[in-house]
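# Structure assessment
The chain contents come next:
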Amino acid sequence: MTDDSGSRPSFGDEAMRWLPDVMRFALSLTRDRSEAEDLVQDTYLAAQQSWHQFQMRTDAKAWLFTIARHRFYRLDERAERQVATDVPELESLAAAEFAIVHGKTLVDEFERRDMRDAVRRSMYELPAVYREVAILVDWHDQSYESVAEILHIPVGTVRSRLFRARRMLQEQLTAYAEDLGIAPSSVSAGGAQT
């Protein structure tokens with residue numbers, strides 16, 4: 001991205017405008033404000049040091065998210081422990097069954113109540129491989145292609161992980177709604193209402 005004069009924008013002009021988004025992303029990774037602040041500082045230091053390598057036609061926000069994610073996993077040595085369990089066909093069948101059982105009325109009820117805290121808690125309980133895709137797409141409005149670049153995974157994997165994450169969130173929030181009494185209890189294995 002160049003300004004109207006055709007010159008390259010400064011690091012401060014281009015990268016600093018994304019600071020709130022990078023902080024929210026760091027919080028979603030670390031789940032701790034102090035650690036997130038350290039991660040953001042480390043991210044911006046690394047970004048500033050490699051600003052000369054930044055491709056001006058790319059998305060600076062996605063570039064910063066990529067740096068933050070790499071720093072997070074490298075610093076905490078968590079990348080080796082991630083295991084992908086994507087089986088899109090099985091997930092599609094499970095989601096279809098879930099929609100048949102629960103219908104649209106539950107969605108309507110969630111929209112009427114303030115569910116922000118429950119959604120945030122449920123999101124943070126997701127396994128990391130699903131959480132980071134859901135947060136990037138649903139909270140940070142990144143495209144599938146952008147998320148694939150950030151996470152270094154194929155677009156199809158982004159789609160299947162997002163599908164799985166949304167399904168897990170749906171199950172967690174349905175259980176929450178059942179506990180509040182705003183949704184009917186799930187059907188047990190024997191076919192009777194619980």
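Residues numbered from 1 in each chain as written. Predicted model: local features only at pLDDT ≥ 70, side-chain atom pairs only at ≥ 80, totals over all residues. Heavy atoms only, no water.

## Some thoughts on the overall build of the protein
Looking only at helices and strands, the protein features 10 helices and zero strands. If you list the helices and strands of the protein from N to C, you get α-α-α-α-α-α-α-α-α-α. Looking at the protein as a whole, 41% of its 194 residues qualify as buried. Long-range pairs, those at least 24 residues apart, make up 66% of the contacts in the protein between residues at least 6 apart in sequence. Roughly 11,300 Å² of accessible area belongs to the protein as shown, and the carbon and sulfur atoms make up 51% of that amount. (Helix = DSSP H or I, 4+ residues; strand = E, 2+ residues; numbered from the N terminus. Buried < 20%, exposed > 50% of the residue type's maximum accessible area, 1.4 Å probe, protein only. Contact = heavy atoms within 4.5 Å. Areas by Shrake-Rupley, 256 points an atom, 1.4 Å probe, with all protein chains shown as cover.)

## Section: helix α7 (residues 116–125)
Three or more residues of α7 are buried, namely A118, S122 and M123. Burial along α7 is one-sided: seen end-on, the buried residues are contained in an arc of 135 degrees. (Arc of directions from axis to C-beta.)

## Things to note about the nonpolar core
With 45 residues, the main nonpolar core has Y44 and L64 as its most contacted residues. For this core, the elements supplying multiple residues, two or more each, are α1 (11–15), α2 (19–30), α3 (33–49), α4 (60–76), α8 (128–139), α9 (144–151) and α10 (155–180). At nine residues, α4 tops the list of elements feeding residues into this core. When residues no more than four places from it in sequence are discounted, the contact partners of Y44 are F11, A15, M16, W18, L19, V22 and L64. (Core = buried A, V, L, I, M, F, W, Y, C linked by side-chain atoms within 4.5 Å.)

## Here we look at the layout of surface pockets
Of the voids in this model, the second largest pocket is the one considered here, and its volume is about 210 Å³. As for the second largest pocket, its lining consists of T58, D59, A62, W63, T66, S143, E145, S146, E149, I150 and H152. Looking at the lining of the second largest pocket, the elements that each hand over two or more residues are α4 and α9. The element best represented in the lining of the second largest pocket is α9, accounting for four residues. A breakdown of the residues in the lining of the second largest pocket according to their chemical character gives three nonpolar, five polar and three charged. (1 Å grid on protein atoms, 1.4 Å probe; cavity = no way out; pocket = protein on both sides within 12 Å on 5 of 7 lines; lining within 4 Å. Points joined across faces, edges and corners; volume = space filled by probe spheres on them. Nonpolar A, V, L, I, M, F, W, Y, C, P; charged D, E, K, R; others polar.)

## Some remarks on the packing of aromatic side chains
All told, the structure shown has eight aromatic pairs when counted by the stated rule. The interplanar angle of 35 degrees and the centroid separation of 4.7 Å between the aromatic rings of F25 and F65 together place this pair among those described as tilted. With F25 in helix α2 and F65 in helix α4, this residue pair connects regions lying 40 residues apart in the sequence. Comparing F25 with F65, the two get one shared label, buried. A network of ring pairs unites the aromatic residues F11, Y44, W51, F54 and W63 as a single cluster. (Phe/Tyr/Trp six-rings, centres within 6.5 Å; stacked < 30°, edge-to-face > 60°.)

## Quick word on the environment of Y44
Mapped onto the secondary structure, Y44 falls in helix α3. Here Y44 falls in the buried class, since its relative accessible area comes to 7%. In this structure, the C-alpha to C-alpha distance between Y44 and A15, residues 29 residues apart in sequence, is 8.1 Å.

## Observations regarding the pattern of salt bridges
Tallying each qualifying case throughout the model produces seven salt bridges. For E14, the salt bridge identified is with R17, shortest N-O distance 3.4 Å. We classify E14 as buried; its relative accessible area is 7%. Close ionic contact of E132 with R69 constitutes a salt bridge, the shortest N to O distance being 3.0 Å. Of this pair, E132 sits in helix α8 while R69 sits in helix α4, and the two are 63 residues apart along the sequence. What makes R69 buried here is its relative accessible area of 10%. (Salt bridge = Lys/Arg side-chain N within 4 Å of Asp/Glu carboxyl O.)

## Thoughts on the environment of Y73
Inspection of the secondary structure puts Y73 in helix α4. Exposure remark for Y73: the relative accessible area of 6% places this residue in the buried category. C-alpha of Y73 to C-alpha of L29: the two residues are 44 residues apart in sequence and 9.3 Å apart in space.

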